[in-house]
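# Commentary on secondary and tertiary structure
Next come the chains, spelled out residue by residue.
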Amino acid sequence: MSAAMAPALNVSPLLSKPAPNWFPSFKSLRTIKASGSRRPHVTLREQQPGSLQIVENPEKLFTSLGLCVAQVGLLAAVGASLCFADPAAAFKGGGPYGSEVTRGQDLTGKDFSGKSLIKQDFKTSILRQANFKGAKLLGASFFDADLTGANLSDADLRGADLSLANITKANLTNANLEGALATGNTSFRGAKITGADFTDVPLRGDQREYLCKDADGVNPTTGNATRETLLCD
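In this report, we go over the structure that sits alongside the text. Computed from a prediction, not measured in an experiment: that's the story for all the values here.

## Things to note about the state of the cysteines
- Considering all chains together, one arrives at 1 disulfide under this definition.
- Each sulfur of the disulfide joining Cys212 and Cys232 lies 1.9 Å from the other. Where Cys212 bonds to Cys232 through sulfur, the torsion about that S-S bond is close to -90°, and the disulfide is left-handed. Residue Cys212 is located in helix H5 (residues 205–212), and its partner Cys232 is located in the segment after helix H6 (226–229); the two are separated by 20 residues in the primary sequence. Comparing Cys212 with Cys232 shows no difference in burial state: the two are buried.

Laid out in structure tokens, this is it:
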């Protein structure tokens, strides 16, 4: 196709449309200067094609934006603190014994006698010479706890977890341990077990043999003889 036959392009609308004015007029600048500002700050914002708005106080705009950014930052910090909070700090204590923390604590010599401590969590706690005489400890966890010399006489330990616990020289006189767990390296060395009920307690062979040497008495609550509950010969 020759140049003579090429259709003519109508560019007049494009050329006739005024380009956006991104600069203030000299009249606007003179108005700002006349206001007495030594360092005029002009913020340009196009609202419509070909029109221009001059904001004489852009500091207000930036202040508002700064407050929004600060609020967002605060919310982000709070969210991060909730996600990465120390689990130990959030722990409220094990079981129905109020809000007192009993898990992983040094509770040496503490008096829990006669208290209702059902399903209380004493995991990994130090409970040397602690007094649990007559306490209700059904389902309580003493997993890997140190109960050396503790007084557990007349305590209700049914279903308690004594796995890996050190019960050396503890007083278990007349304690009811029906269904308690004593797996792993649970040690009853030197414990007083007169009248204790060990029905359905899974003991290692060496621990059962050791306890049978001194087993005697009858549990006053269940009426079961200690030797029978230990399956002694």
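## Looking at the side chain of Asn176
- As for its position among the elements, Asn176 is in the loop between helix H4 (87–90) and H5.
- Assessed through its relative accessible area of 7%, Asn176 is described here as buried.
- In this structure the side chain of Asn176 is engaged in a polar contact, spanning 3.2 Å, whose partner is the side chain of Glu178.
- When residues no more than four places from it in sequence are discounted, the contact partners of Asn176 are Ala155, Asp156, Leu157, Arg158, Asp197, Asn219 and Thr222.

## Quick notes on the packing of aromatic side chains
- Following the criterion strictly, the structure yields 6 aromatic pairs and no others.
- Taken together, a centroid distance of 5.6 Å and an interplanar angle of 90° make the contact between Phe132 and Phe142 edge-to-face. Here Phe132 is found in the loop between H4 and H5, whereas its partner Phe142 is found in the loop between H4 and H5, with 10 residues between them in sequence. Phe142 carries the same exposure label as Phe132, and that label is buried.
- Here the aromatic cluster, defined as three or more aromatic residues joined through ring pairs, consists of Phe112, Phe122, Phe132 and Phe142.
- Over the ring of Tyr210 we find Arg189, and its NZ or CZ is 4.3 Å from the ring centre.

## Re the nonpolar core
- Within the largest apolar cluster, 40 residues are counted, with the highest numbers of intra-cluster contacts made by Leu127, Phe132, Leu137, Phe142, Leu157, Leu172 and Phe198.
- In contact with Leu172, not counting residues within four places along its chain, are Leu152, Ser153, Leu157, Ile167, Phe188, Ala191, Lys192, Ile193, Thr194, Ala196 and Phe198.

## Re the pattern of salt bridges
- On inspection of all chains with the given rule, the structure shows 6 salt bridges.
- Here Arg103 and Asp121 are joined by a salt bridge, their closest N and O atoms 3.6 Å apart. Taken as a pair, Arg103 in the loop between H4 and H5 and Asp121 in the loop between H4 and H5 lie far apart in primary sequence, 18 residues in all.
- Given a relative accessible area of 40%, Arg103 falls into the partly exposed group.
- On the basis of relative accessibility, which here comes to 10%, the residue Asp121 falls in the buried class.
- Across the salt bridge formed by Asp146 and Arg128, the nearest N and O atoms sit 2.8 Å from each other. Linking Asp146 in the loop between H4 and H5 with Arg128 in the loop between H4 and H5, this pair joins segments that are 18 residues apart in sequence.
- Each of Arg103, Asp121 and Lys123 takes part in salt bridges that share partners, so that together they form one network.

## What about unusual backbone geometry?
- One non-glycine residue, Lys119, lies in the positive phi region at around 60°.
- Inspection of the secondary structure puts Lys119 in the loop between H4 and H5.
- Judged by its relative accessible area of 63%, Lys119 is exposed.
- Positive phi outside glycine occurs at Lys169, with the angle close to 60°.
- Structurally, Lys169 is set in the loop between H4 and H5.
- You can call Lys169 exposed: its relative accessible area is 60%.

Conventions we followed
Residues numbered from 1 in each chain as written. Predicted model: local features only at pLDDT ≥ 70, side-chain atom pairs only at ≥ 80, totals over all residues. Heavy atoms only, no water. Disulfide = S-S within 2.5 Å. Helix = DSSP H or I, 4+ residues; strand = E, 2+ residues; numbered from the N terminus. Buried < 20%, exposed > 50% of the residue type's maximum accessible area, 1.4 Å probe, protein only. Polar contact = N/O pair within 3.5 Å; in protein donor to acceptor, adjacent residues only side chain to side chain. Contact = heavy atoms within 4.5 Å. Phe/Tyr/Trp six-rings, centres within 6.5 Å; stacked < 30°, edge-to-face > 60°. Lys NZ or Arg CZ within 6 Å of the ring centre and 35° of its normal. Core = buried A, V, L, I, M, F, W, Y, C linked by side-chain atoms within 4.5 Å. Salt bridge = Lys/Arg side-chain N within 4 Å of Asp/Glu carboxyl O.

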